[in-house]
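Inside the fold
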Amino acid sequence: EDKVVQSPLSLVVHEGDTVTLNCSYEVTNFRSLLWYKQEKKAPTFLFMLTSSGIEKKSGRLSSILDKKELFSILNITATQTGDSAIYLCAVEWRGAQKLVFGQGTRLTINP
Amino acid sequence: EAGVAQSPRYKIIEKRQSVAFWCNPISGHATLYWYQQILGQGPKLLIQFQNNGVVDDSQLPKDRFSAERLKGVDSTLKIQPAKLEDSAVYLCASSPGGLAIGYEQYFGPGTRLTVT
């Protein structure tokens, strides 16, 4: 059964800390891995990763994929209270245009 | 570019009642998805449309849930009769479709359903 597992499920840190969120997967016919940020209701797209070892970066956020070990990490440096959200990892099946989501990591940044 | 629109934003019903949700995808997007997101969980795909045809409805509880996408644009998702465990946020998403490697799904604001 295809599955995506995120850890930790919940994380509370202080503003300015660096955090690492983890996503592991078991998906047949892997095509890509996507990270989303969910603040209110609608998840908003952060990154899409298709190749191992190539870091994607956007400001203080970065992500990398390891297709051999079947995991990805999302790093956030110098965290701010606005980074508080649920971070979702999703994996796309090749040929299906279909995403399987993990359960999410709830990140809370305290001032 | 207008985003994915959904209505209503909130709905409270009693168990055994029926409810319908509406979604208007981004103009030109061929693929439309309905997800159910129960509190504390990630979104679970209920049904996927490509234009007006169903691509995947393997996780749709067909005894009570139904969905349609007439004319390949707007879509409605219906629950009849509702159960307590249907309380969740129902997310609609759309994507351009096609066979390009990797893609983004654009999500609507969701409808929060509470069944009492």
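Refer to the preceding data block for the structure.
Counting restarts for each chain: residues are numbered from 1 in the order of the written sequence. Here chains are named by letter from A upward and ligands by number from 1 upward, in the order in which they appear as written. Given that this is a predicted model, residues contribute local features only at a pLDDT of at least 70 and side-chain atom pairs are listed and counted only at 80 or more, while totals for whole chains, interfaces and linings are drawn from all residues. Side-chain numbers here rest on the full set of heavy atoms in the structure, without hydrogens or water.

1. Concerning the side chain of T111(B)
Residues and elements named next belong to chain B.
- Numbering of helices and strands runs from the N terminus, with a helix taken as a DSSP run of H or I at least four residues long and a strand as a DSSP run of E at least two residues long. When you line up the elements, T111 lands in strand β11 (residues 111-115).
- Throughout this description, a polar contact denotes any pair of N or O atoms lying within 3.5 Å of each other; where both atoms belong to protein, one of them has to be capable of donating a hydrogen while the other can accept it, and for residues adjacent in sequence the pair is counted only when both atoms sit in side chains. At a separation of 2.4 Å, a polar atom in the side chain of T111 contacts the main-chain carbonyl oxygen of P8.
- Any two residues whose heavy atoms approach within 4.5 Å are treated as being in contact. Non-local contacts of T111, meaning those with residues more than four positions away in its chain, are made with Q6, S7, P8, R9, Y10, F21, A88, V89 and Y90.

2. Let's talk about the sheet that holds strand β8 (residues 71-76) of chain A
Residues and elements named next belong to chain A.
- In spatial order, the strands read β1-β3-β8-β7-β6; together these five strands make up an open sheet with antiparallel pairing. Edge strands, defined here as strands with exactly one partner in the open sheet, are β1 (3-7) and β6 (56-58). Neighbour-to-neighbour, the strand axes of the sheet open up by a mean angle of 15°, direction not taken into account. Paired strands, as defined in this entry, are two strands with at least two bridges between them according to DSSP. Working convention: axes come from line fits to C-alpha atoms, limited for helices to the stretch in contact. Angles between N-to-C directions cover 0 to 180 degrees.

3. Regarding the state of the cysteines
- Disulfide assignment relies on a single distance test, namely cysteine sulfur atoms paired within 2.5 Å. Counting across every chain of the model gives two disulfides over all chains.
- Covalently, C23(A) is tied to C89(A) through a disulfide, its sulfur atoms 1.9 Å apart. On the sign convention where negative is left-handed, the bridge of C23(A) and C89(A), at about -65° about the S-S bond, is left-handed. Note that C23(A) is positioned in strand β3 (residues 19-26) and C89(A) in strand β9 (residues 85-93), a separation of 66 residues in sequence.
- When a residue's accessible area, from a 1.4 Å probe over protein chains only, is under 20% of the maximum for its type it is buried; when over 50% it is exposed; and in between it is partly exposed. Using a relative accessible area of 1% as the deciding quantity, one classes C23(A) as buried.
- One disulfide in the model links C23(B) with C92(B); its S-S distance is 1.9 Å. The S-S bond linking C23(B) to C92(B) shows a torsion near -70°; that makes this disulfide left-handed. In this pair, C23(B) sits in strand β3 (residues 19-24) while C92(B) sits in strand β9 (residues 88-95), placing the two residues 69 residues apart along the sequence. Both residues of the pair, C23(B) and C92(B), count as buried.

4. Notes on the packing of aromatic side chains
- Whether two aromatic rings pair depends on their centres lying within 6.5 Å, for rings of Phe, Tyr and Trp, where Trp uses its six-membered ring; planes under 30 degrees apart make the pair stacked, over 60 edge-to-face, and the rest tilted. One pass over the full model with this rule turns up ten aromatic pairs over all chains.
- Geometrically, the ring pair formed by Y36(A) and F101(A) is tilted, given 5.9 Å between the ring centres and 45° between the ring planes. Of this pair, Y36(A) sits in strand β4 (residues 30-38) while F101(A) sits in strand β10 (residues 98-101), and the two are 65 residues apart along the sequence.
- Classification of F101(A) as buried rests on a relative accessible area of 9%.
- Ring geometry for Y35(B) against F107(B): centres 5.6 Å apart, planes inclined by 40°, an arrangement best described as tilted. Linking Y35(B) in strand β4 (residues 31-37) with F107(B) in strand β10 (residues 106-107), this pair joins segments that are 72 residues apart in sequence. Taken individually, Y35(B) and F107(B) each receive the classification buried, so the pair is uniform in this respect.

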